[in-house]
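# Summary of the model geometry
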Amino acid sequence: MTIDLEALYIDLHRHPELSFQETRTAGVIAKHLEELGIEFEEGIGRTGVVGVIRNPSAGSAESGDGPVVWLRADMDALPVEERTGLDYASTAHGLDPNGTDVPVMHACGHDMHVAALLGALERLVATKEQWSGTIVAVFQPAEEYGAGSQAMIADGVLDRFPRPDIVLGQHVTPLPAGTIGVRSGTQMAASDGLTVTLLGRGGHGSRPQATIDPVVMAAATVMRLQTIVSREIDPRDVAVVTVGSIHAGLKNNIIPAEAKLELSLRYPDDEARAVVLEKVERIVRAEAQASGAEDPPVIVTDHSLPPTINDVEATARLTLAFDTAFGAGTVMDPGMFTGSEDVSWFARESGAPLVFWFWGGADPEAFAAAQAAGTVERDIPTNHSPYFAPVLQPTLNQGVETLVVAAREFLAVPTA
Ligand code: ZN
Ligand code: ZN
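Residues numbered from 1 in each chain as written. Chains lettered and ligands numbered in written order. Predicted model: local features only at pLDDT ≥ 70, side-chain atom pairs only at ≥ 80, totals over all residues. Heavy atoms only, no water.

This brings us to the coordination of the zinc ion (ligand 1). Expected angles at a metal are 109.5 degrees for tetrahedral coordination by four donors and either 90 or 180 degrees for octahedral coordination by six donors. Coordination of the zinc ion (ligand 1) by the protein involves Cys108 (SG), Glu144 (OE), Glu144 (OE) and His384 (NE2), with metal-donor separations of 2.0 to 2.8 Å. One can describe the site at the zinc ion (ligand 1) as irregular: its four donor atoms subtend angles covering 51 to 150° at the metal. Each donor residue of the zinc ion (ligand 1) lies on one chain, and together they are spaced C-x35-E-x239-H. The zinc ion (ligand 2) is placed at 3.0 Å from the zinc ion (ligand 1), the two being bridged by Cys108. Here Cys108, found in the loop between strand 5 (101–103) and helix 3 (110–126), pairs with His384, found in the loop between helix 11 (376–379) and helix 12 (392–410); they are 276 residues apart in sequence, far enough to count as distant. (Donors = N, O, S within 2.8 Å, 3.2 Å for Na, K, Ca; no water. Tetrahedral: all angles 85-135°; square planar, octahedral: opposite > 155°, others 65-115°. Helix = DSSP H or I, 4+ residues; strand = E, 2+ residues; numbered from the N terminus.)

Once that is clear, we can look at the sheet that holds strand 12 (residues 240–248). Strand pairing in a sheet relies on backbone hydrogen bonds. The paired strands run either parallel or antiparallel. The strand order 12-14-10-15 describes an open sheet built from four strands, whose pairing is antiparallel. The open sheet has two edge strands with one neighbour each: strand 12 and strand 15 (298–305). Neighbour to neighbour, the strand axes of the sheet diverge by 15° on average, direction disregarded. Along the sheet, helix 6 (residues 214–232) makes contact with strand 10 (190–199), strand 12 and strand 14 (258–267), crossing strand 12 at roughly 175°. Packing against the sheet, helix 7 (residues 270–290) makes contact with strand 10, strand 12, strand 14 and strand 15, and its axis sits at approximately 160° to strand 14. (Pairing = 2+ DSSP bridges. Axes fitted to C-alpha atoms, helices over the stretch in contact; angles between N-to-C directions. Contact = heavy atoms within 4.5 Å.)

In this section: the sheet that holds strand 17 (residues 331–332). Read from one edge of the open sheet, eight strands run 1-2-6-3-7-18-8-17, paired in mixed fashion. Both outer strands of the open sheet, strand 1 (39–44) and strand 17, are each paired with one neighbouring strand and no more. Across two bridges, the pairing between strand 8 (residues 180–181) and strand 17 is parallel. Looking at strand 17, one finds that Gly181 is bridged to Met332. Across the sheet, helix 10 (residues 364–373) touches strand 7 (166–176) and strand 18 (354–362), and the angle it forms with strand 7 is around 65°.

Turning to the pairing of strand 7, a few remarks are in order. Of all eleven residues making up strand 7, eleven are buried, and the element is well covered by its neighbours. Bridge analysis of strand 3 (residues 68–74) against strand 7 gives four bridges, and the strand direction is parallel. Across the sheet, Trp70 pairs through a bridge with Val167, a residue of strand 7. Where strand 7 lies against strand 18, eight bridges are found, and the strand directions are parallel. The residue of strand 18 that forms the bridge with Val172 is Trp359. (Buried < 20%, exposed > 50% of the residue type's maximum accessible area, 1.4 Å probe, protein only.)

When cut into domains, the protein chain gives domain 1 (5–188 + 307–410) and domain 2 (196–305). Each of domain 1 and domain 2 has a C-alpha centre, and these two points are 35 Å apart. With eleven residues of domain 1 at the interface, the matching set in domain 2 holds eight residues. Summed over both sides, the interface between domain 1 and domain 2 buries roughly 800 Å², with carbon and sulfur atoms accounting for 62% of that surface. At the surface where domain 1 touches domain 2, the tally comes to zero salt bridges. At the surface where domain 1 touches domain 2, the tally comes to one residue pair in polar contact (both at pLDDT 80 or more). (Domains from an automatic or database assignment. Buried area = accessible area lost by both parts, 1.4 Å probe. Salt bridge = Lys/Arg side-chain N within 4 Å of Asp/Glu carboxyl O. Polar contact = N/O pair within 3.5 Å; in protein donor to acceptor, adjacent residues only side chain to side chain.)

Take the coordination of the zinc ion (ligand 2) next. Of the protein atoms, only Cys108 (SG), His110 (NE2) and His171 (NE2) coordinate the zinc ion (ligand 2), at distances of 2.1 to 2.4 Å. Between consecutive donors of the zinc ion (ligand 2), the numbers of intervening residues give the motif C-x1-H-x60-H.

Proximity of charged atoms lets side chains of opposite charge pair with each other. This structure, assessed with the given rule, holds 19 salt bridges. Among the salt bridges present, the one from Arg378 reaches Asp379, with a minimum N-O distance of 2.8 Å. Owing to a relative accessible area of 67%, Arg378 belongs among the exposed residues under this scheme. Each of the salt bridges in this network shares a partner with another, and the network as a whole consists of Arg72, Asp74, Glu341 and Asp342.

For the coordinates displayed, the defined rule picks out seven aromatic pairs. For the pair Phe20 and Tyr145, a centre-to-centre distance of 6.4 Å together with 65° between the ring planes defines the contact as edge-to-face. A residue pair is termed long-range when its members are at least 10 positions apart, and Phe20 in the loop between helix 1 (5–14) and helix 2 (23–35) and Tyr145 in the loop between strand 6 (133–140) and helix 4 (148–154) qualify at 125 residues. Classification of Phe20 as buried rests on a relative accessible area of 14%. Between the aromatic rings of Phe322 and Phe326, the centroid separation amounts to 6.0 Å while the plane-to-plane angle is 35°, which identifies the pairing as tilted. One end of the pair is Phe322 and the other is Phe326, both in helix 8 (residues 312–326) and four residues apart, which spans about a single turn. Its relative accessible area of 0% is what places Phe322 among the buried residues. Within the aromatic cluster, the residues linked to one another by ring pairs are Phe322, Phe326 and Trp357. (Phe/Tyr/Trp six-rings, centres within 6.5 Å; stacked < 30°, edge-to-face > 60°.)

On to a negative patch on the surface, then. Residues Asp237, Asp269, Asp270 and Glu271 make up a contiguous surface patch of negative charge. With respect to the helices and strands, the residue Asp237 is situated in the loop between helix 6 and strand 12. Judged by relative accessible area, which is 49%, Asp237 ranks as partly exposed. (Patch = residues over 30% accessible without salt bridge, like charges linked within 9 Å, V, L, I, M, F, W, Y side chains within 5 Å. Areas by Shrake-Rupley, 256 points an atom, 1.4 Å probe, with all protein chains shown as cover. Lys, Arg positive; Asp, Glu negative; His and termini not counted. Charge placed at Lys NZ, Arg CZ, Asp CG, Glu CD.)

Structural data, given as structure tokens:
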């Protein structure tokens, strides 16, 4: 029996789940792995699922399992209210880690990743006589927290299953459907998420002289942080300093005791990371001091993601394989993305090379029109937008094909 992939994708899209809560999704995956006759385990890194297809070459029992290819798909959704207007749009809600009821949407396309990987596994099972080796299918939770791959590693995923000779993964993006973007070397930025707590002294809104106002401190800090990229980093280098959240106070006539800022920082490598982190800390501390704070601010790192670095040799092989399979010119270099990923922990921790590529999900006609008008940034919704939804086809079929082509490139051809 074959999987109805479009129905599967629509079902996943209608039932998005927040990070580390992907229990229904994991159940859907497990059901399909079972039907495909693939051995699997659930609950790896809380909600992760790992499937293994062992297909040793006939008559080569001594050579073990052959090349081990890891195929990774992330499963989680985001606290975003869907506005795509699609008839299969999500109306789901969930509880975020604070216990707050939030709308939930597959605004990053991880539903497409799951559907494509299941489709690819079905194809690889059906064509077992054409390849040999071992496929490890990794359905990872909580990519959006930057915590899922490390949770799976902490749960022993590298020891409980065959260790990878190569790690492969893909992400759907608003490139025109039919195109593939992959870059040798640094494909995605490193990232840190920080929570900064500015400590003041609370009091009555009418008596500011008796307080140390953390609201003013926060405002000055946010503005000054923007000078890191604009004034202190070489304009030819890439760095991002975003304050995505700012919280202080409950009422107009109370000066609160503290303010919280949440920062998202991005850079291409560890050297730039050290430079930006030093500048952030210097500014945060100096602004507190300028405000007369009696206690220094508290800076906590919530997550830290390494840069996603594509292996040069493996990327060259894969680019050729994609161009051969889909036609010359299908693959383009999209440049380094300032987004970040936690897929590379699997490669870093195991010492295996990684290739992580992007495949297009935007309507090619809409994309071409926006490009001609110079309005791509405005008119083509990006990942995490409430309007982001890949066109179902050819995106889904190509997502299956790319994984099959990539896996086959690194698996062995069976010996007769
Ligand atoms: Zn995302
Ligand atoms: Zn994503």
